Amino acid sequence: MATQHSRSAARIMMAPAVVLLLGWMLIPLTMTLYFSFKKYLPLRGGDLGWVGFDNYVRFVSSSAFWPSVQTTLVIVGGVLLITVVLGVLLAILLDQPLWGQGIVRILVIAPFFVMPTVSALVWKNMFMDPVNGLFAHLWKFFGAQPVEWLSDAPLFSIILIVSWQWLPFATLILLTAIQSLDSEQLEASEMDGAPPLARFGFIILPHLSRAITIVVLIQTIFLLAVFAEIFVTTQGSFGTRTLTYLIFQRVLESQNVGLGSAGGVYAIILANIVAIFLMRIVGKNLDS
């Protein structure tokens, strides 16, 4: 057992890292709160004094606020649905003995290491371009009219792009969970005559429940701040303006740092509400 001296020494050695981490988090948050109560226009007079909760009222009373929150939640929900469902199927497939299994796994995981800006540019120009895109040529091959993806189905296009980037992460976590499954259970159920769907529903899926909740929690934290894919493709047009992009537009258009800071506080509140809700679900699954 660790002595009191060793525990004190461990705390002293950890203190610099803890202080640095707290400063890294608290200083930006404090500055955001500070500027949210001020009218600060960097290019038009600078600091114009305190305005109280005026920035918060202006931001939440904007006609674009609630639609942006709704769009954010739709994107998060759509991406989670696609990545979890396809992630489970890919994980089961990659767990099977395949020729070149190592190469296939690397190719499946590779999109996760592509920068969001790059992946959005690739999808926009190589796949979704209505003239020279791969989808356009595929549609023409079957005699159909090419689809203007980013204007006819903009929200689905954003969900598709973001899902492509996050699918490898979900697949990797779920594949690790499947590989920890006791193979004797599957062999016993197969010998008892259980069909594949029954084995999946009563053995594999319950075993993956914890991994799925972890995937949902981690992805949600990052998906609430989706920005680069929207900036590169639609720039918030056609109903794809999320809360994060709305904050960017408000700061860019009005040059009002205080208004953008108030929007940032709302984004933090939304993220915490979602995180608390998900943590309750994760806690129940981990305790069961």
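## Some remarks on the overall build of the protein chain
Stage number 1. Per the secondary structure count, the protein chain includes 13 helices and two strands.
Stage number 2. Over its C-alpha atoms the protein chain spans a radius of gyration of 24 Å, topping by over 25% the 19 Å that the globule rule assigns to 288 residues.
Stage number 3. Each principal axis of the C-alpha atoms in the protein chain carries an extent, and together these give about 75 × 75 × 30 Å.
Stage number 4. For the protein chain, the residues scored as buried account for 36% of the 288 residues in total.
Stage number 5. Looking at the protein chain alone, contacts between residues at least 24 apart form 68% of all its contacts between residues at least 6 apart.

## Notes on the nonpolar core
Generally speaking, a soluble globular protein has its nonpolar side chains buried in company with each other.
Stage number 1. Counting 46 residues, the largest nonpolar core has Phe 59, Val 162, Leu 174, Leu 208, Ile 212, Leu 223 and Leu 243 as its most contacted members.
Stage number 2. Secondary structure elements with two or more residues in this core: helix H2 (54–60), helix H3 (65–94), helix H8 (154–179), helix H10 (196–223), helix H12 (243–254) and helix H13 (257–287).
Stage number 3. Element by element, the count of residues in this core is highest for H3, at 10 residues.
Stage number 4. One finds Ala 120, Trp 149, Leu 150 and Ile 161 within the second-largest nonpolar core, a separate group that totals eight residues.

## Examining the side chain of Gln 249
Stage number 1. Position of Gln 249 relative to the elements: it lies in helix H12.
Stage number 2. Residues within four places of Gln 249 in sequence aside, it is in contact with Gln 235, Arg 241 and Ser 254.

## Remarks on the packing of aromatic side chains
Stage number 1. Taken as a whole, this structure holds 26 aromatic pairs when the rule is applied.
Stage number 2. Considering the side-chain rings of Phe 127 and Phe 135, the 5.8 Å spacing of their centres and the 50 degrees angle between planes classify their relative orientation as tilted.
Stage number 3. With relative accessibility at 23%, the residue Phe 127 sits in the partly exposed group.
Stage number 4. A relative accessible area of 17% means that Phe 135 is categorised as buried.
Stage number 5. Here the aromatic residues Phe 37, Phe 53, Tyr 56, Phe 59, Phe 65, Trp 66 and Tyr 266 are joined through ring pairs into a cluster of three or more.

## Quick word on a nonpolar patch on the surface
Stage number 1. A surface patch of nonpolar side chains, amounting to about 960 Å² of accessible area, comprises Met 14, Val 18, Leu 21, Leu 22, Trp 24, Met 25, Leu 26, Leu 29, Leu 33 and Ile 268.
Stage number 2. In terms of residue count, the dominant contributor to the nonpolar patch is helix H1 (residues 4–36) (nine residues).
Stage number 3. Residue placement: Leu 29 occurs in helix H1.

## Examining the packing of helix H4 (residues 101–109) against H8
Stage number 1. Orientation of H4 relative to H8, taken along the N-to-C sense of each, is 140 degrees, at an axis distance of 8 Å. Between H4 and H8, the crossing angle belongs to the class labelled oblique. The segment H4 lies against H8, with Arg 105, Val 108 and Ile 109 engaging Pro 168, Thr 171, Leu 172, Leu 175 and Gln 179.

## A look at H12
Stage number 1. Across its 12 residues, H12 extends 16 Å between first and last C-alpha, which sits within 8% of the 16 Å expected from 1.5 Å per residue.
Stage number 2. Among the residues of H12, Leu 243, Tyr 245, Leu 246, Ile 247, Gln 249, Arg 250 and Ser 254 are the ones counted as buried.

## A word on unusual backbone geometry
Stage number 1. The backbone of Gln 235 shows a phi angle near 55 degrees, a positive value even though the residue is not glycine.
Stage number 2. Here Gln 235 shows up in the loop between helix H11 (228–233) and H12.
Stage number 3. Residue Phe 238 is not a glycine yet carries a positive backbone phi of 60 degrees.
Stage number 4. Structurally, Phe 238 can be placed in the loop between H11 and H12.

## So, the environment of Ser 237
Stage number 1. With respect to the secondary-structure elements, Ser 237 resides in the loop between H11 and H12.
Stage number 2. Measuring from C-alpha to C-alpha, the distance between Ser 237 and Ile 27 comes to 33 Å, with 210 residues separating the pair along the chain.

## So, the side chain of Thr 234
Stage number 1. Note on placement: Thr 234 falls in the loop between H11 and H12.
Stage number 2. A relative accessible area of 7% places Thr 234 in the buried class.
Stage number 3. A polar side-chain atom of Thr 234 sits 2.6 Å from a polar atom in the side chain of Thr 240.

## Let's talk about the environment of Thr 171
Stage number 1. Position of Thr 171 relative to the elements: it lies in helix H8.
Stage number 2. Distance from Thr 171 to Asp 182, taken between C-alpha atoms, is 19 Å for residues 11 residues apart in sequence.
Stage number 3. With residues up to four places along the chain from it excluded, the contact list for Thr 171 reads Gly 87, Leu 90, Ala 91, Leu 94 and Val 108.
Stage number 4. Among the polar contacts listed, one links the side chain of Thr 171 to the backbone oxygen of Leu 167, at a separation of 2.8 Å.

## Some words on H10
Stage number 1. Its 28 residues place the ends of H10 only 33 Å apart at the C-alpha level, less than the 40 Å of an ideal helix rising 1.5 Å per residue.
Stage number 2. Along H10, the helix axis deviates most sharply at Ser 209, where the bend reaches about 45 degrees.

What counts and how
- Residues numbered from 1 in each chain as written.
- Predicted model: local features only at pLDDT ≥ 70, side-chain atom pairs only at ≥ 80, totals over all residues.
- Heavy atoms only, no water.
- Helix = DSSP H or I, 4+ residues; strand = E, 2+ residues; numbered from the N terminus.
- Rg over C-alpha atoms; globule rule 2.2 N^0.38 Å.
- Buried < 20%, exposed > 50% of the residue type's maximum accessible area, 1.4 Å probe, protein only.
- Contact = heavy atoms within 4.5 Å.
- Core = buried A, V, L, I, M, F, W, Y, C linked by side-chain atoms within 4.5 Å.
- Phe/Tyr/Trp six-rings, centres within 6.5 Å; stacked < 30°, edge-to-face > 60°.
- Patch = residues over 30% accessible without salt bridge, like charges linked within 9 Å, V, L, I, M, F, W, Y side chains within 5 Å.
- Areas by Shrake-Rupley, 256 points an atom, 1.4 Å probe, with all protein chains shown as cover.
- Salt bridge = Lys/Arg side-chain N within 4 Å of Asp/Glu carboxyl O.
- Axes fitted to C-alpha atoms, helices over the stretch in contact; angles between N-to-C directions.
- Parallel < 35°, antiparallel > 145°, perpendicular 65-115°, else oblique.
- Expected span 1.5 Å × (residues − 1).
- Polar contact = N/O pair within 3.5 Å; in protein donor to acceptor, adjacent residues only side chain to side chain.
- Bend = angle between axes of the 7 residues up to and from the residue.

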